[in-house]
Amino acid sequence: MSTVFYNDHAEILAAQYLSKTFEEVHSSWLHHLLPLLTKNTLSILDVGAGSGRDVHYLAEKTQGKETQIIAVEPAVVLAKMGQVLTRELPVRWIEDGLPQLQKVVGLAQQFDLILLSAVWMHLSPSERPLALVTLSRLLNSTGLLVISLRHGPSPDARVMHPVSADICIERPLILNADPALKTAISIDDLVEKFIELYWQHSLPFGANDGYFVLIQNSGKQSALINSLIELRHQGVNSLSQLKAHLSYPALLRKTRGTFKDGPLWRLQNLSRNEECFLYPHDKTKNYIELNPGIAFCFRRFHDLVVSLARTQWVQKIAEFPANQVIIGSKGNLSEFLFGSDRQTITYARPVLLDIQKGQCFYCQKSLKETGEVDHFIPWARYPNDLGHNFVLAHSSCNNQKRDHLAAQHHKDNWYEQNIIQHGQTLHSELSRYFVCESDRSEAITTWAYQLAGQNRSPLWLDKKTFVPFNALDNDLSNTAI
Ligand SMILES: [Zn+2]
């Protein structure tokens with residue numbers, strides 16, 4: 001990330017940071033900090049320490065103890081101000097940055113508390129997985145990592161985070177209707193998403209030698225998985241067939257019961273206490289109402305929330321003894337549960353070849369039978385296969401675009417091709433294999449470009465050329481997310 005802006009505006013930024021106290025900014029997790037502060041020895045890492053407000057507070061609170069506090073700040077002008085603020089306190093300043101934090105990692109030390117305050121959104125989606133790996137290595141086994149989000153999911157309710165985070169970005173701009181960003185999500189929408197998520201998981205893992213579906217619960221198999229297996233045995237092969245099946249309404253009803261009794265409320269039980277940090281527990285309603293700011297966070301930090309939840313999920317499934325024998329001898333569990341199905345993706349190829357008249361979506365040159373199906377909104381940003389999100393491109397164009405969003409005129413072409421001109425064809429040809437809802441794809445594209453606008457991400461034009469994000473080109477970019 002560039003530090004130019006931070007150095008150029010250091011004084012204004014420092015004044016902004018210092019206008020609020022540590023307690024005001026971090027009130028939501030203070031109760032987790034207090035027990036830490038009672039320890040006699042403590043090591044703290046503040047990544048993106050800015051002008052030092054947080055390390056100043058932490059150093060003062062731990063005076064007289066054996067405390068080590070490291071402040072990391074890549075913007076040297078801000079860091080100098082921080083050094084002045086903390087000159088009489090035991091704070092060590094290091095010029096370093098995520099995702100690798102090379103100098104900090106070089107210290108070969110682990111921390112009891114790592115704080116990332118307003119830092120995460122400055123990392124690109126492709127940097128975030130590496131940043132998570134770095135941070136988890138630096139955190140000791142009982143340590144606390146604070147990012148501008150509350151806790152990750154409790155294992156019991158792991159499904160809820162991707163479900164509600166996905167729903168928040170798959171909807172059109174309903175969130176802007178209410179300035180408080182409060183929003184209601186119907187239980188039926190959540191349940192439908194819940195079924196979509198489990199559909200892939202009801203396939204046998206390692207299909208070649210016997211039928212073994214991974215166990216999803218510590219006791220018996222989950223009832224929903226059993227119902228989905230049964231339907232697969234009856235010849236239901238795709239989500240669209242499932243939704244059209246006679247027994248689908250009954251499946252929805254049954255799953256709604258399980259869902260309302262379990263994951264929906266367990267998600268917010270932290271250490272056996274009910275903490276409604278996402279939505280109030282009101283079991284009389286057929287919807288949940290997200291607390292102010294939650295929908296914003298789910299949209300802004302979607303990739304973080306989903307990757308945390310999926311990592312937990314994969315770990316949990318790998319831990320069940322019944323699964324271990326089969327997982328031990330087979331490939332990548334994470335890829336099976338959440339990966340893009342490369343085999344199935346090839347079904348989109350002939351349809352797109354026809355629609356694009358044999359030309360590459362990006363450079364319009366002939367494909368000569370070498371096209372690759374590309375996720376227009378990259379998989380790294382939205383890890384689900386949607387039929388309307390595919391385009392066909394040269395493997396060279398696809399590789400050069402990688403995890404980036406494409407320039408505005410590509411987005412216009414995508415909209416024209418996959419929504420206006422051929423939306424119906426894609427739906428009729430591909431909904432056997434993928435979720436094909438054009439309004440969901442539109443909402444995802446809008447969301448991804450809004451985020452790119454906020455992060456000032458460069459957009460890929462062609463070959464190795466990138467263009468800056470131009471807010472004027474993007475009609476929706478100035479809408480708050
Ligand atoms: Zn091309």
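Please refer to the structure placed before this passage.
Residues numbered from 1 in each chain as written. Predicted model: local features only at pLDDT ≥ 70, side-chain atom pairs only at ≥ 80, totals over all residues.

Chemist: Which residues make up the sheet that holds strand β2 (residues 66-72), and what are the values?
Modeler: Strand order in this open sheet of 5 strands is β3-β2-β1-β4-β5, and the pairing throughout is parallel. In the strand order of this sheet, the two ends are held by β3 (91-94) and β5 (139-146), each with one partner. Neighbouring strand axes in the sheet, compared pairwise and without regard to direction, differ in orientation by 20° on average. Bridging between strand β4 (residues 111-116) and β5 involves 4 bridges; their strand directions are parallel. Across the sheet, L113 pairs through a bridge with L144, a residue of β5. (Pairing = 2+ DSSP bridges. Helix = DSSP H or I, 4+ residues; strand = E, 2+ residues; numbered from the N terminus. Axes fitted to C-alpha atoms, helices over the stretch in contact; angles between N-to-C directions.)

Chemist: Quick one: what's the story with the pairing of strand β12 (residues 459-462), residue by residue and with numbers?
Modeler: Across 3 bridges, β12 lies against strand β13 (residues 465-467) in antiparallel orientation. Following the sheet pairing, D462 is matched in β13 by T465. From the end of β12 to the start of β13, which pair antiparallel, there are 2 residues, and K463 there has a positive phi angle of about 40°.

Chemist: Provide a residue-level description of the packing of helix α2 (residues 10-18) against helix α6 (residues 76-85), including the pertinent values.
Modeler: At a minimum axis separation of 9 Å, α2 and α6 run at an interaxial angle of 50°. One finds that α2 runs oblique with respect to α6. The way α2 lies across α6 gives a crossing that is right-handed. Contacts between α2 and α6 involve A10, L13 and A14 from the first element and V77, L78 and M81 from the second. The residue makeup of the contact of α2 with α6, split by class, is 6 nonpolar, no polar and no charged. (Parallel < 35°, antiparallel > 145°, perpendicular 65-115°, else oblique. Left-handed = near helix turned anticlockwise from the far one by under 90°. Contact = placed C-beta atoms within 7 Å. Nonpolar A, V, L, I, M, F, W, Y, C, P; charged D, E, K, R; others polar.)

By themselves, these are just geometric observations and shouldn't be taken as functional.
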